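Breakdown of the fold
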2 protein chains.
Amino acid sequence: MLAGEGCPFNILAMKDALEALEGRWKLLIMLSLSMGNKRFKQISKEVYGITDKMLSKELKALEMNKLIKREVFDTFPPTVEYSITPHGKSLDKLLHELYNWGQEHRNIIMEKDKIAS
Amino acid sequence: MLAGEGCPFNILAMKDALEALEGRWKLLIMLSLSMGNKRFKQISKEVYGITDKMLSKELKALEMNKLIKREVFDTFPPTVEYSITPHGKSLDKLLHELYNWGQEHRNIIMEKDKIAS
DNA sequence: TGCGTTACTATCTTTCCGGATAGTGCTATC
DNA sequence: GATAGCACTATCCGGAAAGATAGTAACGCA
């Protein structure tokens, strides 16, 4: 794409993908859920530093994007369980690429910094 | 990663990758430059809606991340040319994955919406 | 002289986002 | 009765980000 290959280019799809994961909390929440279905409070505890308000907001966004499922149980007090959807799991390949590029990126940035110092 | 594969997990690298591209303008700027080296004003014209201030800020961030190169020419008025670095071009694979997932994501979101309506 | 050029930058204002905190309602338990 | 639990939500506030606009310096040109 950037290398001039003349690929059919749809930037909106890329933006959607980035937006699905951007911000401080989404990846951390997904990571927490990747280790098993969880209730609100469990996630809150595992994702250090997040407020209930932010957690609620981020969970909503993830649910809207069908990356996670929210299941309400008829208990008292009412409990809600969150889990990753198959669509959420389809992020794996992308996350691998993010990881790979991010590692390389860190190397590039660190290497140059090392040489400079 | 999310599918429970027990991959060695470095969320920071992924965050770096996301942050390198996030926001309203970075992808658009990279797209503009992918079609050829450009001067400030050219990018400004091609990336519809961006203010000089935001363009300057975003170009700085992209340069800090070594995704683009800024070259100053000894002309009058002084001219500056921006181009994508090899490291910037290394984003290609990741962008492909973003595109692929984003397309699938759109399908999933649109399909469900269609069924609902 | 006046205006344009170039790639920014400064400043004031507006908008947006998140922190901090309090609150919700009904059951369960002490 | 008092308190806790649950998953949120409301509200006030301050900080961050971006919009809107003006400005910069020195050359080139009419």
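Conventions we followed
- Residues numbered from 1 in each chain as written.
- Chains lettered and ligands numbered in written order.
- Predicted model: local features only at pLDDT ≥ 70, side-chain atom pairs only at ≥ 80, totals over all residues.
- Heavy atoms only, no water.
- Least-squares fit on C-alpha atoms with pLDDT ≥ 70 in both.
- Contact = heavy atoms within 4.5 Å.
- Near = heavy atom within 4 Å.
- Polar contact = N/O pair within 3.5 Å; in protein donor to acceptor, adjacent residues only side chain to side chain.
- Helix = DSSP H or I, 4+ residues; strand = E, 2+ residues; numbered from the N terminus.
- Buried < 20%, exposed > 50% of the residue type's maximum accessible area, 1.4 Å probe, protein only.
- Buried area = accessible area lost by both parts, 1.4 Å probe.
- Nonpolar A, V, L, I, M, F, W, Y, C, P; charged D, E, K, R; others polar.

1. Side note on the relation of the copies chain A and chain B
Both copies of the chain are tied together by a single rotation about an axis and a shift running along it. For the pair chain A and chain B, the superposition axis carries a translation of 0.0 Å, the fit reaches an RMSD of 0.0 Å, and the rotation angle comes to 180 degrees. What we have between these two chains is a two-fold relation. When the interface residues of chain A are mapped onto chain B, 100% of them again lie at the interface, so the same face is used by both copies.

2. Some points on the protein's contact with DNA strand D
Neighbouring DNA strand D are 19 residues; A:Lys60, A:Arg70, A:Tyr82, B:Lys53 and B:Phe76 lie closest to it. Among the atoms of DNA strand D lying within 4 Å of the protein, the sugar-phosphate backbone contributes 64%. At 2.6 Å, a side-chain N or O of A:Lys60 approaches a phosphate oxygen of DNA strand D. Within the side chain of B:Lys53, an N or O atom sits 2.5 Å from a base oxygen of DNA strand D. Examining the composition of the surface near DNA strand D, we find that four residues originate from one element, helix 4 (residues 52–64) of chain A, more than from any other.

3. A few points about unusual backbone geometry
Residue and element names in this part refer to chain A. Cis peptide bonds are those with omega within 30 degrees of zero, and the linkage from Phe76 to Pro77 qualifies with -5 degrees. With respect to the element layout, Pro77 can be found in the loop between strand 2 (68–73) and strand 3 (79–84). One non-glycine residue, Lys66, lies in positive phi territory at about 60 degrees. Position of Lys66 among the secondary structure elements: in the loop between helix 4 and strand 2. For Lys66, a relative accessible area of 23% puts it in the partly exposed group.

4. Examining the interface of chain A and chain B
The partner chain B presents 53 residues to the 53 residues of chain A that form the contact. Interface area, chain A with chain B, both sides summed: about 5300 Å², of which 70% is carbon and sulfur. Applying the counting criterion to the chain A and chain B interface returns ten residue pairs in polar contact (both at pLDDT 80 or more). Those elements that place two or more of their residues in the side of chain A that touches chain B are helix 1 (11–21), helix 2 (26–34), helix 5 (86–89) and helix 6 (92–116) of chain A. Sort the elements by how many residues they give to the side of chain A that touches chain B and helix 6 of chain A lands first, with 17 residues. By residue class, the composition of the side of chain A that touches chain B is 29 nonpolar, eleven polar and 13 charged.

5. Remarks on the protein's contact with DNA strand C
With respect to spatial proximity, 18 residues lie near DNA strand C, and among them A:Lys53, A:Phe76, B:Lys60, B:Arg70 and B:Tyr82 are the closest. When atoms of DNA strand C within 4 Å of the protein are sorted by moiety, sugar and phosphate together comprise 67%. Here a phosphate oxygen of DNA strand C sits 3.3 Å away from a polar atom, N or O, in the side chain of B:Ser56. Looking at the surface near DNA strand C, the elements with two or more residues in it are helix 4 of chain A together with helix 3 (40–46), helix 4 (52–64) and strand 3 (79–84) of chain B.

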